[in-house]
Amino acid sequence: MSVDTIEKLFIAELKDLYSAENQITKALPKMVKAAMSADLKKAFESHLRETEGQIERLVEICNILGTTPKGKSCAGMKGVLSEGSEMLQEVEEGDVRDAALISAAQRVEHLEMAAYGTVRTYAQLLGQPQVAKLLDETFEEEKAADQKLTSISQKVNAQAKQNA
Ligand code: FE
Ligand code: ZN
Ligand code: FE
């Protein structure tokens, strides 16, 4: 697909997000298993359910726009997730690994926030308020997930520090 308009760029970025979200649904169950903190496990579990809803939203958006969300593979998310799983293998089980899981997960959330902020802006620019609203719902979920992780990290990082 040759991208020479904002409309095409918009669709390309939605497809990229669809791939990114699908990769995340495969990574999150592993993160649930790896987490020791009950709060962290719960946060990953609930974000997994949220992520499934976000995928549905992308399908709905692509229906509205008369396209399909399939067809792209997000190399950025692949890289972020592969670094996260590499780090998990290096870090010993326990509080320090929970801290590492939070670090990896916040990279994912920030990548998503950047991408959803951009496509939300494109939707507004292109006169698609219904689509912009759906993208804003996901953006807010990603932001809340990131904030939740920051709040859990306060306890986890303090406990990890005592492991010295
Ligand atoms: Fe997401
Ligand atoms: Zn990407
Ligand atoms: Fe997310």
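None of the values given here were measured: they were computed from a predicted structure.

Scoring rules and cut-offs
- Residues numbered from 1 in each chain as written.
- Chains lettered and ligands numbered in written order.
- Predicted model: local features only at pLDDT ≥ 70, side-chain atom pairs only at ≥ 80, totals over all residues.
- Heavy atoms only, no water.
- Core = buried A, V, L, I, M, F, W, Y, C linked by side-chain atoms within 4.5 Å.
- Buried < 20%, exposed > 50% of the residue type's maximum accessible area, 1.4 Å probe, protein only.
- Helix = DSSP H or I, 4+ residues; strand = E, 2+ residues; numbered from the N terminus.
- Contact = heavy atoms within 4.5 Å.
- Donors = N, O, S within 2.8 Å, 3.2 Å for Na, K, Ca; no water.
- Salt bridge = Lys/Arg side-chain N within 4 Å of Asp/Glu carboxyl O.

**Thoughts on the nonpolar core**
Counting 24 residues, the largest nonpolar core has Leu40, Phe44, Met77 and Leu101 as the members making the most contacts within it. Of all elements in the fold, only α1 (6-34), α2 (38-64), α3 (75-90), α4 (95-125) and α5 (129-161) reach the threshold of two or more residues within this core. Among the elements that take part in this core, α1 stands out by supplying seven residues, more than any other. Not counting residues up to four positions away in its chain, the partners in contact with Phe44 are Leu28, Met31, Val32, Ala35, Leu101, Ala105 and Leu149. Phe10, Ile55, Tyr122 and Phe139 belong to the second largest nonpolar core, which has 17 residues in total.

**Details of the coordination of the iron ion (ligand 1)**
Coordination of the iron ion (ligand 1) by the protein comes from Glu21 (OE), Glu21 (OE), Gln54 (OE1), Glu112 (OE) and Glu142 (OE), over a distance range of 2.0 to 2.3 Å. Of note, the donors binding the iron ion (ligand 1) are all from one chain and are spaced E-x32-Q-x57-E-x29-E.

**Observations concerning the pattern of salt bridges**
Inspection of every chain in the model, using the stated rule, returns seven salt bridges. Where Arg57 meets Glu137, a salt bridge forms, and the shortest distance between an N and an O atom there is 3.4 Å. Placement of the pair is Arg57 in helix α2 and Glu137 in helix α5, with a sequence separation of 80 residues. Here Glu137 falls in the partly exposed class, since its relative accessible area comes to 30%. Between Arg57 and Glu141 there is a salt bridge; the shortest N-O distance is 3.1 Å. Placement of Arg57 in helix α2 and of Glu141 in helix α5 is noted, with a sequence separation of 84 residues between them. Using a relative accessible area of 17% as the deciding quantity, one classes Glu141 as buried. Taken together, the shared-partner salt bridges in this structure form one network comprising Arg57, Lys133, Glu137 and Glu141.

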